[in-house]
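Residues per chain, in single letters:
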Amino acid sequence: MLIYLLFPLIGFIGMFSGGYWGVGCGWLIVPTMLIFGFTPNEAVGVGLLQMVPSILMSVLRDIKYLDWSRDSVATRLVIPLGTGAFLLAFSGKIVNKIFYEKFGSIALLLIFCFFMITLGLTVLFGKTTEYENKIPKITNKQSVSAFFMGTVVGIFSSVMGIGGAIFFRPILANIFKVPEKITAKCIRVLLLVTTFTGGMYYTFTDGKADMTILTMSLLIAAGGMIGFPLGIKVHNKILANGYAKYVNKSFAIVTFIVLTNTLLNIFGLVIFSRYLMITIAVLLFAAINMFKKYAEKYPKVAR
């Protein structure tokens, strides 16, 4: 009974921040499920699959309002990134096994930590075009680069069992200099592709559906379907008040949360890290809402 009451609430809180930044919340869902005795495979599968019903309606709206003309950001970047991630997403199990046998799990986690540190610093100190809202012109060479970046994200996400959106945001905002208002919509579209692919991968690993993953995904999504669009609404209100730069830079918080969770697990503080993630999620929910009120009270642009 506690699970049926708590998990929709966890889905709501986690996917609220997911909607705010356009990413998933596996860093919260996975530790919570492990606390309740679910297997790592079930926890990761649910962390990915629950995002599909949680974000589907929001993404369908984003697809409608994005520019899909020949030279648009969506066509030149989103499609190559998504295609590359989709094609290589199913290779994760093979790569994981080879890497684990040669180097061990600690080496894999340390590489993951390196990526998280790099991402966090890139987001925190990288240059973006938030204030200008200038739409960049994407060349054919950049589209090809985006495809190969997508393949790397697809492999790495599948190996680590996380959604690729955590990587797509800095790729779009910091490497290709896409404005926040477009980046957010593009990431949500890419999030649907990567989480659906990854979720199906974990749900049907043995050729038949894992009913535990399917059931728990729907249970958590019952809260996520409310939390995700609400997070988007808060995101848009903060952007409208001229705080786009702060939204983009604050994404570094997510990368350092994931990094902290990984390091605590490496040092054997597994139980502590699981409860810490839940505490952080609640505090993050409160902090985002407080920042929204601050942005509305002290806008940087004329209303």
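Quick caveat: nothing in here was measured; it's all calculated off a predicted structure.

Engineer: Any chance you could explain helix α2 (residues 26–35) here in plain terms?
Structural biologist: Helical periodicity: at 3.6 residues per turn, an α-helix aligns residues three or four positions apart in one direction. Among the 10 residues of α2, seven are classified as buried, and the element is accordingly described as predominantly covered. Among all positions in α2, only W27, L28, I29, V30, P31, T32 and M33 are buried. Of the residues flanking the end of α2, it is G37, one or two places downstream, whose phi is positive at about 90°.

Engineer: Help me understand the packing of aromatic side chains, please; the structure alone is not making it clear to me.
Structural biologist: Following the criterion strictly, the structure yields 13 aromatic pairs and no others. Ring centres of Y243 and Y246 lie 5.3 Å apart, and the angle between their planes is 55°; on these two criteria the pair is classed as tilted. Residue class for Y246 comes out partly exposed when judged on its relative accessible area of 38%. Relative to F291, the ring of Y246 lies with its centre 6.4 Å away and its plane at 45°, an arrangement referred to as tilted. Here F291 lies in helix α14 (residues 270–297) and Y246 lies in helix α12 (residues 244–250), a separation of 45 residues in the sequence. Joined through ring pairs, the aromatic side chains of Y243, Y246, F291, Y294 and Y298 make up one cluster. Sitting above the plane of the F251 ring, R169 keeps its charged end 5.5 Å from the centroid.

Engineer: What is the right way to read the side chain of R274 from this model?
Structural biologist: Topologically, R274 is positioned in helix α14. Buried charge R274 goes without a salt bridge, the closest partner of opposite sign being E42 at 12 Å. With sequence-adjacent residues up to four places away left out, R274 is seen in contact with P31, L34 and I35.

Engineer: I'm lost on the confidence of the model for the protein chain in this one. Help?
Structural biologist: Should the pLDDT be low somewhere, the predicted coordinates at that spot are not to be read in detail. Summarising the model, the protein chain shows a mean pLDDT of 86, and 90% of its residues fall at 70 or more. No element of the protein chain has a lower mean pLDDT than helix α6 (residues 92–103), which averages 67, and none a higher one than α14, which averages 95.

Engineer: In this structure, what is going on with the packing of α2 against helix α3 (residues 40–49)? I would like to understand it.
Structural biologist: Contact geometry for α2 and α3: axes closest at 8 Å, N-to-C directions at 145°. With respect to the hand of their crossing, α2 and α3 are arranged in right-handed fashion. In this structure, α2 uses I29, V30, M33 and L34 to contact α3, whose residues at the interface are P40, E42, A43, V44, V46 and G47. Taken together, the residues of the contact of α2 with α3 sort by class into eight nonpolar, one polar and one charged.

Engineer: Would you take a moment to explain the layout of surface pockets for this structure?
Structural biologist: Empty space among the atoms becomes apparent when a probe as large as a water molecule is rolled across them. Computed from the structure, the second largest pocket encloses a volume of approximately 250 Å³. Contributing to the lining of the second largest pocket are F115, T118, L119, T122, M149, V152, V153, F156, F167, P170, I171 and I175. Every element with two or more residues in the lining of the second largest pocket is listed here: α7 (105–125), α8 (140–160) and α9 (165–175).

Engineer: Help me understand the environment of K208 in this model?
Structural biologist: Along the chain, K208 falls in the loop between α10 (180–203) and α11 (211–240). By relative accessible area, K208 is classed as exposed at 62%. In this structure the C-alpha to C-alpha distance between K208 and T75, which are 133 residues apart in sequence, comes to 35 Å.

What counts as what
Residues numbered from 1 in each chain as written. Predicted model: local features only at pLDDT ≥ 70, side-chain atom pairs only at ≥ 80, totals over all residues. Heavy atoms only, no water. Buried < 20%, exposed > 50% of the residue type's maximum accessible area, 1.4 Å probe, protein only. Helix = DSSP H or I, 4+ residues; strand = E, 2+ residues; numbered from the N terminus. Phe/Tyr/Trp six-rings, centres within 6.5 Å; stacked < 30°, edge-to-face > 60°. Lys NZ or Arg CZ within 6 Å of the ring centre and 35° of its normal. Lys, Arg positive; Asp, Glu negative; His and termini not counted. Salt bridge = Lys/Arg side-chain N within 4 Å of Asp/Glu carboxyl O. Contact = heavy atoms within 4.5 Å. pLDDT = per-residue confidence, 0-100. Axes fitted to C-alpha atoms, helices over the stretch in contact; angles between N-to-C directions. Left-handed = near helix turned anticlockwise from the far one by under 90°. Nonpolar A, V, L, I, M, F, W, Y, C, P; charged D, E, K, R; others polar. 1 Å grid on protein atoms, 1.4 Å probe; cavity = no way out; pocket = protein on both sides within 12 Å on 5 of 7 lines; lining within 4 Å. Points joined across faces, edges and corners; volume = space filled by probe spheres on them.

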